[in-house]
Amino acid sequence: DQAGQRQEALAAAREGTEIYRTLANANPGTFLPNLAGSLNTLAVMLSHLGQRAEGLAAAREGADLYRALAKTNPDVFLPNLINSLGVLGRIQVQAEDPQSGLAPSGEALRLLVGPLERNPNRFADLAKSCLDAHFAALQALHQEPDAGLLPTINAIQSMLTRIGFMKSFRGRSD
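If you're wondering where the values come from, they're calculated on a predicted model, not measured in any experiment. (Residues numbered from 1 in each chain as written. Predicted model: local features only at pLDDT ≥ 70, side-chain atom pairs only at ≥ 80, totals over all residues. Heavy atoms only, no water.)

Undergrad: Give me the lowdown on the packing of helix 3 (residues 52-72) against helix 4 (residues 74-94), citing residues and values where you can.
TA: Interhelical geometry of helix 3 versus helix 4 gives an angle of 160 degrees and a closest axis separation of 8 Å. Viewed along their axes, helix 3 and helix 4 adopt a mutual orientation that is roughly antiparallel. Relative to helix 4, helix 3 is oriented so that their crossing is left-handed. Its residues assigned to classes, the contact of helix 3 with helix 4 comprises 14 nonpolar, seven polar and four charged. (Axes fitted to C-alpha atoms, helices over the stretch in contact; angles between N-to-C directions. Helix = DSSP H or I, 4+ residues; strand = E, 2+ residues; numbered from the N terminus. Parallel < 35°, antiparallel > 145°, perpendicular 65-115°, else oblique. Left-handed = near helix turned anticlockwise from the far one by under 90°. Nonpolar A, V, L, I, M, F, W, Y, C, P; charged D, E, K, R; others polar.)

Undergrad: Tell me what's going on with the nonpolar core, and back it up with residues and numbers.
TA: In this structure, Leu112, Leu116 and Ile156 are the most contacted members of the largest nonpolar core, which totals 42 residues. Elements with a contribution of two residues or more to this core: helix 2 (28-48), helix 3, helix 4, helix 5 (98-118), helix 6 (120-141) and helix 7 (150-162). In this structure Ile156 touches Leu109, Leu112, Val113, Leu116, Ala127 and Leu131, once residues within four positions along its chain are discounted. Grouped together as the second largest cluster of nonpolar side chains are five residues, Leu10, Ala13, Met45 and Leu46 included. (Core = buried A, V, L, I, M, F, W, Y, C linked by side-chain atoms within 4.5 Å. Buried < 20%, exposed > 50% of the residue type's maximum accessible area, 1.4 Å probe, protein only. Contact = heavy atoms within 4.5 Å.)

Undergrad: Would you mind going over helix 3 in detail, with residue names and values included?
TA: Counted at 1.5 Å a residue, the expected span for helix 3 with its 21 residues is 30 Å, and the 30 Å between its end C-alpha atoms agrees. Buried residues in helix 3 make contact with helix 2 and helix 4. (Expected span 1.5 Å × (residues − 1).)

Undergrad: Report on the side chain of Ser105, specifying residues and quantitative values.
TA: Along the polypeptide, Ser105 turns up in helix 5. A polar atom in the side chain of Ser105 sits 3.3 Å from the backbone oxygen of Leu102. A distance of 2.6 Å separates a polar atom in the side chain of Ser105 from a polar atom in the side chain of His134. Discounting chain neighbours no more than four positions away, the residues touching Ser105 are Leu85, Ala133 and His134. (Polar contact = N/O pair within 3.5 Å; in protein donor to acceptor, adjacent residues only side chain to side chain.)

Undergrad: Please set out the pattern of salt bridges residue by residue, giving values where relevant.
TA: Applying the stated criterion across every chain yields a total of five salt bridges. With its nearest N and O atoms 2.3 Å apart, the salt bridge here joins Glu54 to Arg14. Taken as a pair, Glu54 in helix 3 and Arg14 in helix 1 (residues 2-26) lie far apart in primary sequence, 40 residues in all. For Glu54, a relative accessible area of 36% translates into the label partly exposed. Here Glu107 and Arg67 are joined by a salt bridge, their closest N and O atoms 2.4 Å apart. Note that Glu107 is positioned in helix 5 and Arg67 in helix 3, a separation of 40 residues in sequence. Given the relative accessible area of 26%, Arg67 is considered partly exposed. A cluster of three or more residues bridged by salt bridges with shared partners is formed by Glu18, Arg21 and Glu61. (Salt bridge = Lys/Arg side-chain N within 4 Å of Asp/Glu carboxyl O.)

Undergrad: Break down the packing of helix 4 against helix 6 for me, with residues and values.
TA: Following both chains from N to C, one finds helix 4 and helix 6 inclined at 25 degrees, their axes separated by 9 Å at the closest point. The angle between helix 4 and helix 6 falls in the class roughly parallel. Judged by the sense of rotation from one axis to the other, the crossing of helix 4 with helix 6 is left-handed. Between helix 4 and helix 6, the contacting residues are Pro79, Ile82, Asn83, Gly86, Arg90 and Val93 on the first element and Arg122, Phe123, Leu126, Ser129, Cys130, Ala133, Ala136 and Ala137 on the second.

Undergrad: Give me the confidence of the model for the protein: which residues, what numbers.
TA: Per-residue confidence for the protein gives a mean pLDDT of 92; residues scoring 70 or more make up 95%. Within the model, the stretch residues 168-174 combines pLDDT values under 50 with 18 contacts to residues more than four positions away or in other chains. (pLDDT = per-residue confidence, 0-100.)

Put into structure tokens, the structure is as follows:
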């Protein structure tokens with residue numbers, strides 16, 4: 001049955017995360033990125049199974065690890081950090097804390113502008129996902145985008161429109 005398969009998948013994700021944690025403790029330079037990715041996967045699975053508090057903890061840890069990795073090697077890990085922040089924001093909205101979801105999704109959008117400008121086709125899906133996460137939080141709060149973030153949102157939407165990616169985007173603010 002489907003519930004049993006989900007539980008088996010969750011058990012495997014937990015086991016994989018713990019294996020990567022052990023490996024990262026022994027050799028962080030090699031295995032810390034794997035641990036961060038595993039934490040994101042675990043966070044999403046936990047959230048989908050209604051275990052949002054544990055999912056939030058895993059998402060926060062994954063984002064913190066990617067933040068540290070992006071400081072030392074932004075070309076490689078900044079996209080992972082952006083994705084991880086989007087995951088964290090979405091889980092906070094799902095955990096009925098949309099106010100807390102605004103900060104990570106807003107940070108993801110700010111970080112995304114540079115990579116999206118340099119390579120719009122590569123980052124279009126990530127940009128749309130981050131916009132979706134941010135607009136989901138705003139919608140849950142019945143709020144408009146923060147005035148300080150609005151230029152970033154508009155810039156991202158303009159870049160996506162230029163490559164034909166925005167035609168069906170529902171969160172558009174213009």
